[in-house]
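# Descriptive structure summary
Residue strings, one per chain:
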Amino acid sequence: MAKTNHGSQIVLKDPELIQISSKLESGERLSSEDGVKLFQTDDLNGLGQLANAQRELRHGANTYFVRNLHINYTNICSNGCRFCSFYSRRNGPQPYTLDYEAVKNRILAYRGERITEVHIVGGINKALPYGYYIGLLDTVKEALPGCHIKAFTAVELQHMAQISGLSLLDTLEDLKVHGLSSIPGGGIEVSSRRVHDTLFPNKLNSDQWKEVSRCVAKAGLTQYATMLYGHIETIQERVDHLLFLRELQDECHHIVTFTPLAFHPEDTLLSSLPHTSGIDDLKMIAVSRLMLDNISHIKTFWVMNTPEVSQTALWYGADDMDGTVLRYEITYSDDRPQDNEQGLSYYKMVRLVRQAHRIPVERDSFYMPLPLDEEIINDPS
Ligand code: SF4
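What comes next is a walk through the structure. (Residues numbered from 1 in each chain as written. Predicted model: local features only at pLDDT ≥ 70, side-chain atom pairs only at ≥ 80, totals over all residues. Heavy atoms only, no water.)

## Here's the deal with the overall build of the chain
This is how it is decided: Helix numbers and strand numbers start at the N terminus; a helix is a DSSP run of H or I with at least 4 residues, a strand a run of E with at least 2. With the radius of gyration taken over C-alpha atoms, the globule rule is written as 2.2 Å times the number of residues to the power 0.38. For each residue, the accessible area found with a 1.4 Å probe, counting protein chains only, is set against the maximum for its type, and the residue is called buried under 20%, exposed over 50%, and partly exposed in between. Contacts are residue-level and defined by heavy atoms, with any inter-residue pair within 4.5 Å sufficient.
Broken down by element type, the chain carries 15 helices and ten strands. Radius of gyration (C-alpha) of the chain: 20 Å, near the 21 Å computed for a compact globule of 381 residues. Projected onto its principal axes, the C-alpha positions of the chain cover 60 × 50 × 40 Å. Across the 381 residues in the chain, those meeting the buried criterion constitute 61%. The contacts of the chain with a sequence gap of at least 6 include a subset with a gap of at least 24, amounting to 74%.

## Some thoughts on the sheet that holds strand β2 (residues 68-72)
As a reminder, the rule being used: By the convention used here, strands pair only if DSSP detects at least 2 bridges between them. Only C-alpha atoms enter the line fits that serve as axes; for helices the fit covers just the stretch in contact. Angles between N-to-C directions range over 0 to 180 degrees.
Read across the open sheet, the seven strands follow the order β2-β3-β4-β5-β6-β7-β8; overall the sheet is parallel. Each end of this open sheet is capped by a strand with a single partner; those strands are β2 and β8 (297-298). Alignment of β2 against strand β3 (residues 117-121), held across five bridges, turns out to be parallel. Each residue of the ladder has a partner; that of L69, found in β3, is V118. Sheet strands in contact with helix α11 (residues 278-291) are β6 (222-229), β7 (255-262) and β8, and its direction is about 160° off that of β7.

## Examining the environment of L290
Relative to the helices and strands, L290 is located in helix α11. By relative accessible area, L290 is classed as buried at 4%. Residues L290 and L269 lie 21 residues apart in sequence; the distance between their C-alpha atoms is 33 Å.

## A look at the site of the ligand
For clarity, the cut-off: To be near a molecule or strand, a residue needs just one of its heavy atoms within 4 Å of it. Polar here means any residue other than Ala, Val, Leu, Ile, Met, Phe, Trp, Tyr, Cys and Pro, which are nonpolar, and Asp, Glu, Lys and Arg, which are charged; Gly is therefore polar.
What surrounds the ligand is the set C77, N79, G80, C81, F83, C84, F86, Y87, G123 and K203. Broken down by class, the residue content of the shell around the ligand amounts to six nonpolar, three polar and one charged.

## A short note on the packing of helix α4 (residues 100-109) against helix α5 (residues 130-143)
Where we set the bar: Here roughly perpendicular refers to angles of 65 to 115 degrees, roughly parallel to angles under 35, roughly antiparallel to angles over 145, and oblique to all remaining angles. Should the near helix be turned counterclockwise from the far one by less than a right angle, the crossing is left-handed, whereas a clockwise turn marks it as right-handed.
Between α4 and α5, the shortest axis-to-axis distance is 9 Å and the interhelical angle comes to 30°. Relative to α5, α4 is oriented roughly parallel. Here the hand of the crossing between α4 and α5 comes out right-handed. Residue-level inspection shows Y100, V103, K104, I107 and L108 of α4 in contact with α5, the latter providing G131, Y132, G135, L136, T139, V140 and A143. Its residues assigned to classes, the contact of α4 with α5 shows eight nonpolar, three polar and one charged.

## Focus: the packing of aromatic side chains
Each pair of aromatic rings is reported with the distance of its centres and the angle of its planes. The condition is simple: Under the pairing criterion, centres of Phe, Tyr and Trp rings, with the six-membered ring standing for Trp, must be within 6.5 Å; the plane angle then separates stacked pairs below 30 degrees from edge-to-face pairs above 60, leaving the rest tilted. Two limits define a charge over a ring: the Lys NZ or Arg CZ must be within 6 Å of the ring centre, and within 35 degrees of the ring normal.
Going through the model one piece at a time under the given rule, you end up with ten aromatic pairs. Ring geometry for Y64 and Y367: centres 5.5 Å apart, planes at 80°, overall edge-to-face. One end of the pair, Y64, is in strand β1 (residues 62-66); the other, Y367, is in the loop between β10 (359-362) and α15 (374-378), and 303 residues separate them in sequence. Each of the two residues, Y64 as well as Y367, counts as buried. Between Y100 and Y132, the ring centres sit 5.6 Å apart and the planes meet at 25°, which makes this aromatic pair stacked. Of this pair, Y100 sits in helix α4 while Y132 sits in helix α5, placing them 32 residues apart in sequence. Assessed through its relative accessible area of 9%, Y132 is described here as buried. A network of ring pairs unites the aromatic residues Y73, Y100, Y132, Y133 and F152 as a single cluster. Note that K150 overlies the ring of Y224, its terminal NZ or CZ placed 3.6 Å from the centroid. Across from the ring centre of W315, 3.6 Å away, lies the NZ or CZ of R358, which sits over that ring.

## A short note on helix α3 (residues 44-59)
For clarity, the cut-off: Helix span, expected: 1.5 Å multiplied by one less than the number of residues in the helix.
Its 16 residues give α3 an end-to-end C-alpha distance of 22 Å, which sits within 8% of 22 Å, the value for a rise of 1.5 Å per residue. Along α3, twelve of the 16 residues are buried, which leaves the element largely enclosed by surrounding structure. In the stretch just after α3, G60 is the one whose phi turns positive, near 60°.

## Looking at the nonpolar core
A general trend in soluble globular proteins is that nonpolar side chains are found buried together. Test applied: Here, nonpolar core refers to any group of buried Ala, Val, Leu, Ile, Met, Phe, Trp, Tyr and Cys residues whose side-chain atoms link them within 4.5 Å.
Membership of the largest hydrophobic core comes to 111 residues, with the highest contact counts inside it found for I120, F152 and L172. At eight residues, α5 tops the list of elements feeding residues into this core. The residues contacting I120, other than those within four sequence positions of it, are I71, Y73, L136, V140, I149, K150, A151 and F152. In terms of nonpolar packing, the next biggest core, distinct from the first, is built from five residues, Y64, Y224, V256 and V361 among them.

Here's what the structure looks like:
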């Protein structure tokens, strides 16, 4: 019987989990059928314990977070994905595109937060020339020298390659020269062709996304991976997506973190769908930890999972809480619609992790630990 780092026995009530536990103990890779059984189990505590054991093997009680700022430079988008509440449309959000002055002012407004990472994504705004993206990176670098720029999903990268007149690889090399440091997840949502054709037919399909991702690896860039779940996807399609990423990682070794993103239906064309439950969110984290044996980190994105579910997720396989975020325009919190000030202070982040009896570790974008800022922790004012 496996033990956690705290020495406690794993107690499993579901015979299917007992079999899967034996596989994990012997280092055998879990199969597609195992993935489905993990999602279907009623033994949530058993599932969580299995995932937690794998989390603790890798990271002990450490829980990582980064001081980051999100910038969503435009909400004008020609793709019109059915699950998206962000893009501007009639009876929806008003269109905007940030000019460089606005980007610079956004960063300077958070000067006191000691941000180490700027996370940039936006819509496919066909009015923007390739030079806009170069200027965007230059502006961020100038406003915050030394920061890590995690920017542009595979969808944006493919669009930029189309308008740059360069190959995708040369486009990536060019963006790197101007400060691009890594690529966020997103753009694929779920690898199922059925879901693609139903919800986001104008975006890359999974084969095309994989090609972009291979090119990202070839350019020597780290990539993050995600899955949008809780809409029309089946359990099998969730498992297929995890296996799709596992296979890609076996080949390219450039994915550092996986983040399951809970779907928020409000203000989308799927607004009649219910929200995911906390149980589903925890299962998603736990199954991801167990299936993705070749991806180091599993993140609970507190903006979508809520800080409270994220605290619990730290015992269900997650070892990363994302970051302070500060602003987020892609989804809004349920109780504060249209409020894009969705930040957690450094003090609150550390407190949330400690309340969950885990060890907070501030990290850089490549998971190098940084010393905790005791000054802020001791004086949150
Ligand atoms: Fe555009 Fe991205 Fe929204 Fe799709 S998800 S409509 S690509 S902004």
